[in-house]
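Descriptive analysis of the structure
Given next are the chains, with one letter for each unit.
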Amino acid sequence: MDVLENTGDGFSSISNDYKITYWNKLAERYSGLSRNEVLGKDIREISYAYPGSKFYKELDIAMRNREISRFEEYMPELDYWYSTSLYPTHYGISIFVRNITKEKKGMELFKASHERYQFVFKASNEAIYDWDVINKRLMFGDGYTTTYGYEAGANMPLAEWSSKIHPEDQERIEADLTQVVANSTEDIWKASYRYMRK
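Residues numbered from 1 in each chain as written. Predicted model: local features only at pLDDT ≥ 70, side-chain atom pairs only at ≥ 80, totals over all residues. Heavy atoms only, no water.

This part takes up the pairing of strand 1 (residues 10-15). In terms of burial, strand 1 is a largely internal element, six of the six residues being buried. Side chains Gly10, Ser12 and Ile14 project from strand 1 onto one buried face, and the interleaved Phe11, Ser13 and Ser15 project onto a second face that is buried too. Pairing of strand 1 with strand 5 (residues 92-99) involves six bridges; the strand directions are antiparallel. Residue Ser12 lies in a different strand from strand 5, and its bridge partner there is Ile95. Note: strand 1 against strand 2 (residues 20-23), three bridges, orientation antiparallel. Opposite Ser13, over in strand 2, you have Tyr22 as the bridge partner. Linking strand 1 back to strand 2 in an antiparallel pair, the connection comprises four residues, with Tyr18 at a positive phi of about 70°. (Buried < 20%, exposed > 50% of the residue type's maximum accessible area, 1.4 Å probe, protein only. Helix = DSSP H or I, 4+ residues; strand = E, 2+ residues; numbered from the N terminus. Pairing = 2+ DSSP bridges.)

Shown next, in the form of structure tokens:
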């Protein structure tokens, strides 16, 4: 059972009559309930397993249909997001719970930031483009179309974009970009260069 104590998930198990038979340390931390408080009790009497909760519904389905279930649920009383996996066994159900609050909050911040960026991207008259460094492609905003005549949102390969820089500026700009990408402490790039209209 040491493996179940040291797993990165909250782990508990219940019998076929919903009685809690195991409750590891992370299950204690996530629920705020000690092992001694819950062992032998019906899991449906635990606060987060109340009737109407997603956990309660999924647990009931997994128990009746003997099917694996995976789901996410927000627990307002704890202000946590959990990812839960239910695995029916011959003896009952094994329950693995992972706290995914940081990932969810990070995704919410990313989404809000992305929405603001998209608004600026569409509203600006500036020739804004987004550079996908990994795939070496560029996407243009509406201002780029107005200024240079290239289609907004176009997914242009970096080499094609670079070929439109004035020949006297091209080598300098490519060297600057290479240096910025190689230097992880720099996150802003500024340069003046001439660029060919369509």
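Take the sheet that holds strand 8 (residues 155-157) next. A sheet is described by the order of its strands in space; here three strands give the open sequence 6-7-8, paired in antiparallel fashion. Each of the sheet's edge strands pairs with one partner strand only, and the pair in question is strand 6 (129-132) and strand 8. Here the average twist between neighbouring strands, direction ignored, is 30°. Sheet topology note: the strand 6/strand 7 (residues 137-140) ladder contains four bridges and is antiparallel. Note that in strand 7 the partner of Trp131 across the bridge is Leu138. (Axes fitted to C-alpha atoms, helices over the stretch in contact; angles between N-to-C directions.)

Bringing the sheet that holds strand 5 into the picture now. Strand order in the open sheet made by the five strands is 2-1-5-4-3, with antiparallel pairing throughout. What marks the edges here is a single partner per strand, and that holds for strand 2 and strand 3 (69-75). Averaged over neighbouring strand pairs, the angle between their axes works out to 20° when direction is ignored. The pairing of strand 3 with strand 4 (residues 80-88) spans seven bridges and is classified as antiparallel. If you follow Tyr74 over to strand 4, its bridge partner there is Trp81.

Tallied over the full model, the rule gives nine salt bridges. Notably, a salt bridge pairs Arg44 with Asp42, separated by 2.7 Å at the nearest N-O pair. On the basis of relative accessible area, Arg44 is assigned to the partly exposed category, the value being 28%. Two residues, Arg64 and Asp60, come together in a salt bridge whose shortest N-O distance is 3.0 Å. In this pair, Arg64 and Asp60 both sit in helix 4 (residues 54-65), four residues apart, roughly one turn of the helix. The class for Arg64 is exposed, based on a relative accessible area of 54%. Salt bridges linked by common partners bring Glu168, Asp169, Arg172 and Arg194 together as one network. (Salt bridge = Lys/Arg side-chain N within 4 Å of Asp/Glu carboxyl O.)

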